[in-house]
Amino acid sequence: MRLSVVLSTLAGFVGAAAYAHSAGYFVTFMTGNTERAVIGTFVGDSTIARGAAYIIGSFVLGVFVASVCRRFWWSNHPHGATMLTTLALLAACVSDYIQESTQTGIGLLPIQFVAFGMGSLNTSFVKNGEVSIPVSYVTGTLVKLTQGIERHLVGKGSVYDWLGYAVQYGGFALGALIGGLVSLAVSGRFMLDAALIGSALVAMYTWRADIRYVRWTEKRRGEAGA
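So, how was this worked out
Throughout, a residue's number is its position along its own chain's written sequence, starting from 1. Where totals are concerned, whole chains, interfaces and linings use all residues; where local detail is concerned, this predicted model gives features only for residues with pLDDT of at least 70, and gives and counts side-chain atom pairs only at 80 or more. Excluded from the side-chain calculation are hydrogens and water; included are all heavy atoms of the structure. In DSSP terms, a helix is any run of H or I states spanning at least four residues, a strand is any run of E spanning at least two, and both are numbered starting from the N terminus. Polar contacts, as counted here, are pairs of nitrogen or oxygen atoms within 3.5 Å of one another; within protein the pair requires one atom able to donate a hydrogen and one able to accept it, and residues that are adjacent in sequence qualify only if both atoms are side-chain atoms. Per-residue confidence from the prediction method is given by pLDDT, with values spanning 0 to 100. Just to be clear on terms, a salt bridge is a Lys or Arg side-chain nitrogen sitting within 4 Å of an Asp or Glu carboxyl oxygen. The buried label goes to any residue with under 20% of its type's maximum accessible area, the exposed label to any with over 50%, and the partly exposed label to all in between, with areas taken from a 1.4 Å probe on protein chains only. Each Phe, Tyr or Trp ring (for Trp, its six-membered ring) is paired with any other whose centre lies within 6.5 Å, and the angle between the two planes then decides the class: stacked below 30 degrees, edge-to-face above 60, tilted in between. To get an axis, a line is fitted to the C-alpha atoms, and for a helix only the part in contact is used. The angle between two axes follows their N-to-C directions and goes from 0 to 180 degrees. Two helices that cross are described as forming a left-handed crossing if the nearer one is turned anticlockwise from the farther one by less than a right angle, and a right-handed crossing if clockwise. Residues count as neighbours in contact if any of their non-hydrogen atoms are within 4.5 Å of one another. In this classification, Asp, Glu, Lys and Arg are treated as charged, Ala, Val, Leu, Ile, Met, Phe, Trp, Tyr, Cys and Pro as nonpolar, and every other residue, Gly included, as polar.

1. Considering the side chain of Thr206
Right, on to step 1. Tracing the backbone through its elements, the reader meets Thr206 in helix α8 (residues 191-209).
Right, on to step 2. Looking at Thr206, its side chain comes within polar contact range of the main-chain oxygen of Ala203, at 2.8 Å.

Quick look at the structure:
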């Protein structure tokens, strides 16, 4: 639960940073992007429609690449997805810097890298080949939270049926709040840099949370004590 809350907080923070940096594009809300991609065509705003479609494609690609990496390289490593997310945010910052310094028409490429990272981050928890805890799927979290509360109130469940979802949702909201507060102190063009720093810190945390690292540390301490 602790790890899922940390990653949900990161997702909320990065989503807020991307929203503040771009023209109001969401990198965690694929439902809204799908509606934008379709409705934008009918209201005559093809730019928004294309942008939303590109973000969806980048998000899906992030899930795919992270899933392939998990299958062949970082099986059962909780930090693999956050490392890939951090690399995607680094690419976003670099492409954004190039765009700002050279006035190159990169367009939404930095935000597409962020969306790729969000797709990767959602593969952090996998069970039997399927994502067990989607860290940025807030709609589903709220549905499960409310169903858990209903079971608890009618006596068919306990507080544990909804507490985890409440904490996870709170973590995402906290991340968005942090992103909003950071945006008050940091101009929009530097929000991606703030997101990169936050992701790097979380990646370090997930690395240390790996059970193999914990056991290795305990072994080293035992050898030193002996």
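2. Looking at the confidence of the model for the protein
Right, on to step 1. Summing up the model confidence of the protein, the mean pLDDT is 85 and the portion of residues at 70 or higher is 88%.
Right, on to step 2. When pLDDT is averaged over each helix and strand of the protein, the minimum, 61, is found for helix α9 (residues 211-225) and the maximum, 94, for helix α5 (residues 109-121).

3. Here we look at the pattern of salt bridges
Right, on to step 1. Tallying each qualifying case throughout the model produces one salt bridge.
Right, on to step 2. Here Arg151 and Asp161 are joined by a salt bridge, their closest N and O atoms 3.5 Å apart. One end of the pair, Arg151, is in helix α6 (residues 138-153); the other, Asp161, is in the loop between α6 and α7 (163-185), with ten residues separating them in the sequence.
Right, on to step 3. On the basis of relative accessibility, which here comes to 32%, the residue Arg151 falls in the partly exposed class.

4. Regarding the packing of aromatic side chains
Right, on to step 1. Evaluation of the coordinates by the stated rule reveals three aromatic pairs.
Right, on to step 2. Centre to centre, the rings of Tyr19 and Phe26 are 5.1 Å apart; their planes meet at 35°, and the pair counts as tilted.
Right, on to step 3. Owing to a relative accessible area of 33%, Phe26 belongs among the partly exposed residues under this scheme.
Right, on to step 4. Pairwise contacts between aromatic rings join Tyr19, Phe26 and Phe29 into one cluster.

5. Overview of the packing of helix α2 (residues 30-42) against helix α3 (residues 46-72)
Right, on to step 1. Contact geometry of α2 with α3 gives a least axis separation of 7 Å together with a crossing angle of 145°. You can see that α2 and α3 cross each other, and the crossing is left-handed. Along its contact with α2, which presents Met30, Asn33, Thr34, Arg36, Ala37, Gly40 and Thr41, the element α3 presents Ser46, Ile48, Ala49, Ala52, Ala53, Ile55, Ile56 and Phe59.
Right, on to step 2. For the contact of α2 with α3, the per-class residue count stands at nine nonpolar, five polar and one charged.

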